[in-house]
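# An overview of the molecular structure
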Amino acid sequence: MGVVTRAQAKALKSEGLRSQEPPPGSCSGGEGSGGPDLISLLPDEVLSTIISLLSTKDGARTQILSSRWRPLWRSAPLNVEYSGRNLTADVVSRILFQHRGGARRFNISHMDISNLPAFLDGWLLSPALENLQELKFCYDPLEPSPLMPRSALRFSTLRVADFGCCQFPDDTAHQLHFPNLKRLALRSVTISEDSLHSILAGCPALDRWELNYCSEASPRSLMPHSALGFSSTVRIAIFGHCEFPDVTAHQVHFPNLQHLGLAVVSISEDSLHAMVANCPALTSLILCYCSDFLRFRISSLKLKRVTLAFRRSSTVRLEELIVQNAPCLEILDHHGPYEDDTRISIISAPKLKILGRLTDNMSRLELGSTMFTGLHAGRISTMMRNVKVLALRLDGLHLGVIIGLMKCFPCLEKLYIKTRLIDNEDMWLPNSHERIECLDLHLKKLRIRNYQGTKSHVDFAKFFVLNARVLESMVLHVDPYNYKSDYWIEMQQSQLQLENRASIGAQFEFTSDDWFHYMDEIHESSDPFQYRF
């Protein structure tokens, strides 16, 4: 019948993988197969590069493979990750002392690291780290931030630097120069404005810049203007847990910035608009739990993705979102609480493909010349044929609302719906002779979260079973208790009339998987609702 549960799907996948395994003895290499060991035929330089991509333990274990591999690890670029669990301090000291090759990555993060000052300086001053490329240094976030060892700042060869939960030594900042540094992250670091300015000035090749203040600080720390004095080479900038400085259009200009992320940031409306307006190459903007701006007007020639997330709170949050001129915008993801009453107006976004997460509590939705009250449309005068993916968060499953949206988005291919467990006594059913292009030609995937199996929920889902002619899959996320009941699943399959489905090849799946994950950071072209909603 084309119906599978999550457990059945996993079992089928496992059987498929087993069926693809070659029979014993059919391999062309490996122990006992009689074939040549092709990997060991590679040059030392290639094998050393492979080893350098492994963790410290796995890299050391390659010595037992054969006599051919035994000397390679000690001369391969070194990766050391010390967290106090995988390696002891004595072992790290011995590795650094005996290693003959250079170092690639050194990651130090441990709750008791502040109790190892002698070890730390010895490690960071080791000749084995002379050409270090990646350094991550983080103290215990639950303890007072100690002073960062000055020896941690001696590596001019760094390409990646990530410092956390420490105090930056001000007396050395003006001497810093990292000509090759591509990625810099400061997380819960205490640093003066002069030192911040100096370290950014010493990174002429910076590509990614991240500054996150302590999430527990109250009030939020004021981010200094010097944090915006980064190199024009920066393509990715992320700021978090701070109060953004007031900036005007003539104060900032970031010609190559492509991704801007703000998380738990207080920023004024004028500063937000000034930042976006002065990033002419900006393609991705993520504002997560930000506040202090009531309106946001999007007018950007290259912006492809905008993600806005707001939590339920008493802080000032967005009241009006206007997409005025966004010729390249493909993804608009607005994620507010269920009671969100934001007014959304999309005036010009001709390439918009993915839209969400709209709620039926919105005070107004304007799509071109079509006006919605909540999600209830009046006369449909504008059709947005480019929109392929739509995500909704509804109090109840109202079929009339969905049909109105399908008429406005006639080429919709994926529909995601999350409901609040509110049952509807009266389920309006459309005229059976009415043709809906979306159902006849385009809708392929439907997901409903918090499906309860009540009469109104069954009627809602059954409408798509019987009318979606090209449907490929319907996934119903149900309560774990119901999911474990074979009787409940069988009753639902019967009530949905799956044997009469309009699309012969459609698959129907019941699952209790948690379907909420945090949003992707930078992947502009992916469907942001496929695995998280």
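So, here's what we can say about the structure. These numbers come from a predicted model, not from an experiment.

Criteria and thresholds
Residues numbered from 1 in each chain as written. Predicted model: local features only at pLDDT ≥ 70, side-chain atom pairs only at ≥ 80, totals over all residues. Heavy atoms only, no water. Helix = DSSP H or I, 4+ residues; strand = E, 2+ residues; numbered from the N terminus. Contact = heavy atoms within 4.5 Å. Areas by Shrake-Rupley, 256 points an atom, 1.4 Å probe, with all protein chains shown as cover. Buried < 20%, exposed > 50% of the residue type's maximum accessible area, 1.4 Å probe, protein only. Arc of directions from axis to C-beta. Phe/Tyr/Trp six-rings, centres within 6.5 Å; stacked < 30°, edge-to-face > 60°. Patch = residues over 30% accessible without salt bridge, like charges linked within 9 Å, V, L, I, M, F, W, Y side chains within 5 Å. Salt bridge = Lys/Arg side-chain N within 4 Å of Asp/Glu carboxyl O. Lys, Arg positive; Asp, Glu negative; His and termini not counted. Charge placed at Lys NZ, Arg CZ, Asp CG, Glu CD. Core = buried A, V, L, I, M, F, W, Y, C linked by side-chain atoms within 4.5 Å. Pairing = 2+ DSSP bridges. Disulfide = S-S within 2.5 Å.

## Regarding the overall build of the protein
Across its full length, the protein carries 14 helices and 25 strands. Taking the intrachain contacts of the protein between residues at least 6 apart in sequence as the baseline, contacts between residues at least 24 apart amount to 63%. A total of about 25,300 Å² of accessible surface is found on the protein, and carbon and sulfur atoms cover 52% of it.

## Describing helix 2 (residues 44-52)
Every buried residue belonging to helix 2 is among L47, S48, I51 and S52, and all of these are buried. For helix 2, the angular spread of buried residues about the axis comes to 140°, placing them on one side.

## What to know about the packing of aromatic side chains
Inspection of the entire model under this criterion finds 10 aromatic pairs. Taking 5.4 Å as the distance between ring centres and 85° as the angle between the ring planes, the aromatic pair formed by F463 and F464 counts as edge-to-face. An aromatic cluster is built from F106, F119 and W123, whose rings are joined through pairwise contacts.

## Description of a negative patch on the surface
Taken together, the side chains of E243, D246, D270 and D292 make up a negatively charged region of the molecular surface. Assignment of secondary structure puts D270 in helix 9 (residues 269-277).

## Remarks on the environment of R183
Considering the arrangement of structural elements, one finds R183 in strand 6 (residues 183-187). Judged by its relative accessible area of 42%, R183 falls in the partly exposed class. Along the backbone, R183 and A205 are 22 residues apart, and their C-alpha atoms lie at a distance of 9.1 Å. With residues near it in sequence (within four places) discarded, R183 still touches R159, V160, A161, L206 and R208.

## Notes on the side chain of S473
Relative to the helices and strands, S473 resides in strand 24 (residues 473-478). Beyond its immediate stretch of four places on either side in the chain, S473 contacts K444, K445, L446 and Q507.

## Details of the nonpolar core
One recurring pattern in soluble globular proteins is that nonpolar side chains are buried together. Counting 138 residues, the largest nonpolar core has F106, W209, F239, F296 and F464 as its most contacted members. Among the elements that make up this core, the one with the highest residue count is helix 10 (residues 399-408) (7 residues). F464 has contacts with L399, I402, M406, L415, L439, L443, L446, L471 and M474, leaving out every residue within four places of it along the chain. Grouped together as the second largest cluster of nonpolar side chains are 6 residues, I354, V389, A391 and Y416 included.

## What to know about the pattern of salt bridges
Where charged atoms of side chains with opposite charge meet at close range, the side chains can pair. One pass over the full model with this rule turns up 18 salt bridges. Close ionic contact of R154 with E130 constitutes a salt bridge, the shortest N to O distance being 3.4 Å. Of this pair, R154 sits in the loop between strand 4 (134-138) and strand 5 (160-164) while E130 sits in the loop between helix 6 (117-124) and strand 4, and the two are 24 residues apart along the sequence. Overall, R154 belongs to the partly exposed group, its relative accessible area being 30%. The class of E130 is partly exposed, set by a relative accessible area of 41%. E320 is paired through a salt bridge with R343; the nearest N and O atoms lie 3.5 Å apart. On the criterion of sequence distance, the pair formed by E320 in strand 14 (residues 320-325) and R343 in strand 16 (residues 343-346) is long-range, its members being 23 residues apart. One continuous salt-bridge network, built from bridges that share partners, spans R295, E320, R343, R364 and E366.

## Description of the environment of R104
Along the chain, the position of R104 falls in strand 3 (residues 103-109). Sequence-wise, R104 and E130 are 26 residues apart; in three dimensions their C-alpha atoms are separated by 9.8 Å. Not counting residues up to four positions away in its chain, the partners in contact with R104 are S52, L53, P77, L78, N79, L132, Q133 and E134.

## Considerations on the pairing of strand 7 (residues 208-212)
Regular strands show a simple pattern: their side chains alternate between the two faces of the sheet. Counting buried positions along strand 7 yields 5 of 5 residues, so the element is predominantly enclosed. Going residue by residue along strand 7, you find R208, E210 and N212 tucked away on one face and W209 and L211 tucked away on the opposite face as well. Where strand 6 and strand 7 come together, 5 bridges link them in parallel fashion. Across the sheet, residue A185 finds its bridge partner in strand 7, namely E210. Where strand 7 and strand 9 (residues 236-243) come together, 5 bridges link them in parallel fashion.

## Section: the state of the cysteines
Under the criterion given, the structure shown has 0 disulfides. Cysteine C165 shares no disulfide, and the gap to the nearest cysteine sulfur, in C138, comes to 4.1 Å. Summary of cysteine pairing: C411 is not part of a disulfide, and the nearest cysteine sulfur, belonging to C438, is at 8.1 Å. Overall, C411 belongs to the buried group, its relative accessible area being 8%.

## Focus: the sheet that holds strand 14
Each strand in a sheet pairs with its neighbour through backbone hydrogen bonds, running either in the same direction (parallel) or in the opposite one (antiparallel). With mixed pairing, 6 strands are arranged side by side in an open sheet as 12-14-16-18-19-20. One side of each edge strand has no neighbouring strand; the edge strands of this open sheet are strand 12 (295-299) and strand 20 (376-377). Across 2 bridges, strand 19 (residues 370-373) lies against strand 20 in antiparallel orientation. Its bridge partner lying in strand 20, T373 is registered against H376.

## Quick notes on the pairing of strand 17 (residues 354-359)
Across the 6 residues of strand 17, 6 count as buried, placing the element largely inside the fold. For strand 15 (residues 331-335) and strand 17, the ladder comprises 3 bridges, and the chain directions are parallel. Within strand 17, the position partnered with D333 by the bridge is G356. Where strand 17 meets strand 21 (residues 389-396), 4 bridges bridge the pair, whose relative direction is parallel. Bridged to T359 within strand 21 is R393.

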